[in-house]
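For reference, the chains in residue letters:
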Amino acid sequence: MKRIYLSLLMGIMLFFHAGPVLLAENDLGFYQPPGDRALYKRSKNQQPKNIVFFIGDGMGLSQVAGSRMVVMGASGRLYMEKFPVTGLVNTSSLDSLTTDSAAAGTALATGHKTYNYMVSLSPNNIPFTTILEAAKKKGMATGLIATSTISHATPATFSSHVPSRSDEDKIAEQIVDQGFNIVLGGGEHFFIPRSEEGSRRKDELDLLDRARKKGYTIVRNRDELQAADTGNQILGLFQMDMLDTEAGNEPSLSEMTAEAIKVLMKDKDGFFLVVEGSQIDWACHENNEDKMIRQVLLLDMAVKTAVELTLKEENTLILVLADHETGSLTLKGSNLNGTDIIFSWGGTDHSCVPVPIFAFGPGAENFTGLHDNTEIPKITSGLVNIPLK
Ligand SMILES: [Zn+2]
């Protein structure tokens, strides 16, 4: 009951507050649950023009279902749960049944397994083409969004090729050189020269300057992001480190997704957008279900936004999946309204249980059944004619 009361209260406060509002760490007042629990209709179209590829880092079935039970009880559905096609994904890496985020991201970004900690490189350091690189090469508009530093392991696997995920300053350089249309997230400290305050670079490279010369508009808060959506190349770095995800002047994951889709939609060749809810994983490492639920719901609001902005044309395939599960989470409870639900954490690390995938839009039916993580980008890329080898 306490959670529901708090959410209502915060909802009312948000409604009457004119300026930027800072959300409390566990507040769920931002969440607008679906009006009904009906599944979205399956598309009659077979081939998508656009792809939105959502990753909930560490988001297993218990993370999804537990979040829903807390806000809606037994019978509601999250937006991602309204997707008409569901499947399962195995998550092992090349050297371990239990993957880290770099190897898991590599599998989802390139269709290849590699060793844990490696970013879109083979074990002998041969780069694997990423699905975003392939999309850009074909002329599609491309975007990458995360709530971590944008150079963090999972988003990095779509933009970069480095032997270790800890090479975030090299990753930042490769991000700028890729020239994706939209890059939004945290981690400015890897983009500014060593001598500047707050920098975590080991050299004097000024990647913001390099990005500007390549045609990027650099934005640092919600207002600047919204003003920049008339252009077609935006680099948005909203914190030195990871995002706060607590509103204020920082755009939410949903707002970043909306701005990205508005810009990318202008490309007649279609777009490929990758959006990561990065901090679900961190909350699960902490075994903190309140934080976890909030991060899942922030991702779910971004999913809602993507559906609403693309629904009419019926030309966008939206996938929501995880790179792996974190925390070996199970759920217990008896009240149908979810008020006595117990989150039972089995550990503080990643587990190797398969994760769910939710699919909606043209081509969604291809994701039903159990797939290996490497098959997901292969199927997806095949659907937009940019087959990965
Ligand atoms: Zn991960």
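Cut-offs and rules
Residues numbered from 1 in each chain as written. Predicted model: local features only at pLDDT ≥ 70, side-chain atom pairs only at ≥ 80, totals over all residues. Helix = DSSP H or I, 4+ residues; strand = E, 2+ residues; numbered from the N terminus. Buried ≥ 20, exposed ≤ 12 C-beta atoms within 10 Å, placed from the backbone. Contact = placed C-beta atoms within 7 Å. Core = buried A, V, L, I, M, F, W, Y, C linked by C-beta atoms within 7 Å. Pairing = 2+ DSSP bridges. Axes fitted to C-alpha atoms, helices over the stretch in contact; angles between N-to-C directions. pLDDT = per-residue confidence, 0-100. Expected span 1.5 Å × (residues − 1). Parallel < 35°, antiparallel > 145°, perpendicular 65-115°, else oblique. Nonpolar A, V, L, I, M, F, W, Y, C, P; charged D, E, K, R; others polar.

Helix and strand counts for the protein stand at twelve helices and twelve strands. Dimensions of the protein, computed from the C-alpha atoms along their principal axes, are close to 55 × 45 × 45 Å. With 389 residues in all, the protein has 53% of them scored as buried. The contacts of the protein with a sequence gap of at least 6 include a subset with a gap of at least 24, amounting to 69%.

Attention now moves to the nonpolar core. Ranked by size, the top nonpolar core spans 109 residues in total, and within it F54, L273 and L319 carry the most contacts. Among the elements that take part in this core, helix α11 (residues 289-310) stands out by supplying eleven residues, more than any other. Not counting residues up to four positions away in its chain, the partners in contact with L319 are F53, F54, I357, A359, F367 and T380.

For strand β8 (residues 316-322), a buried count of seven out of seven residues is recorded, marking the element as mostly surrounded by other parts of the structure. Neither face of β8 is exposed, since T316, I318, V320 and A322 on one face and L317, L319 and L321 on the opposite face are all buried. Relative to β8, strand β1 (residues 50-56) runs parallel, the two sharing seven bridges. Following the sheet pairing, I55 is matched in β8 by L321. In this structure, β8 lies alongside strand β11 (residues 355-360), joined through four bridges in antiparallel fashion. If you follow L321 over to β11, its bridge partner there is I357.

One open sheet holds the ten strands; their spatial order is β5-β6-β4-β3-β7-β1-β8-β11-β2-β12, and the pairing between them is mixed. Two strands in the sheet have a free side with no partner beyond their single neighbour: β5 (217-219) and β12 (369-372). Going from strand to strand, the sheet's axes swing by 15 degrees on average, the running direction of each strand aside. Bridging between strand β2 (residues 85-90) and β11 involves five bridges; their strand directions are antiparallel. Directly across from V85, in β11, lies its bridge partner A359.

As a further point, take unusual backbone geometry. The phi angle at N125 is positive, at roughly 70 degrees, despite the residue not being glycine. Tracing the sequence through the fold places N125 in the loop between α3 (101-110) and α4 (131-137). Even without glycine at this site, S328 takes up a positive phi of about 45 degrees. Classification of S328 as partly exposed rests on a count of 19 C-beta atoms within 10 Å.

Our focus in this paragraph is the confidence of the model for the protein. Chain-level statistics for the protein give a pLDDT mean of 93 and a share of 94% at 70 or above. When the criterion is pLDDT under 50, residues 1-20 qualifies, and its contacts beyond four places in sequence or with other chains add up to 15 contacts.

Once that is clear, we can look at the pairing of β2. Residues V85, G87 and V89 of β2 are buried on one face, while the alternating residues T86, L88 and N90, pointing to the opposite face, are not. As judged from the four bridges shared by β2 and β12, these two strands associate in the parallel manner. Considered in β12, the bridge of L88 is made with L370.

So, about helix α2 (residues 61-72). Counted at 1.5 Å a residue, the expected span for α2 with its twelve residues is 16 Å, and the 16 Å between its end C-alpha atoms agrees. For α2, the set of buried residues is S62, Q63, V64, G66, S67, R68, M69 and V70. After α2 finishes, the residue G73 shows a positive phi value of roughly 75 degrees.

Right, let's talk about the environment of L225 for a bit. Within the secondary structure layout, L225 lies in helix α8 (residues 222-227). Owing to 23 C-beta atoms within 10 Å, L225 belongs among the buried residues under this scheme. Spatially, the C-alpha atoms of L225 and N249 are 10 Å apart, while their sequence positions differ by 24 residues. In contact with L225, other than residues within four places in its own chain, are V219, G236, P251 and E259.

Here F190 lies in the loop between β4 (182-186) and α7 (207-213). On the basis of neighbour counts, which here come to 26 C-beta atoms within 10 Å, the residue F190 falls in the buried class. When the C-alpha atoms of F190 and D203 are compared, they prove to be 10.0 Å apart, with 13 residues separating the residues in sequence.

It is at 9 Å that the axes of α2 and α11 come closest, and there the two elements cross at 95 degrees. Judged on the interaxial angle alone, α11 and α2 are roughly perpendicular. Where α2 abuts α11, its residues Q63, V64, G66, S67, V70 and V71 lie against E289, M292, I293, V296 and L297. Taken together, the residues that form the contact of α2 with α11 break down as seven nonpolar, three polar and one charged.

Within the secondary structure layout, T149 lies in strand β3 (residues 141-149). Linking T149 and H189, residues 40 residues apart in sequence, is a C-alpha distance of 9.0 Å.

What follows is about α11. Between the first and last C-alpha of α11 there are 31 Å, a value that for 22 residues agrees with the 32 Å anticipated at 1.5 Å per step. Burial within α11 is extensive, with 18 of its 22 residues counted as buried.

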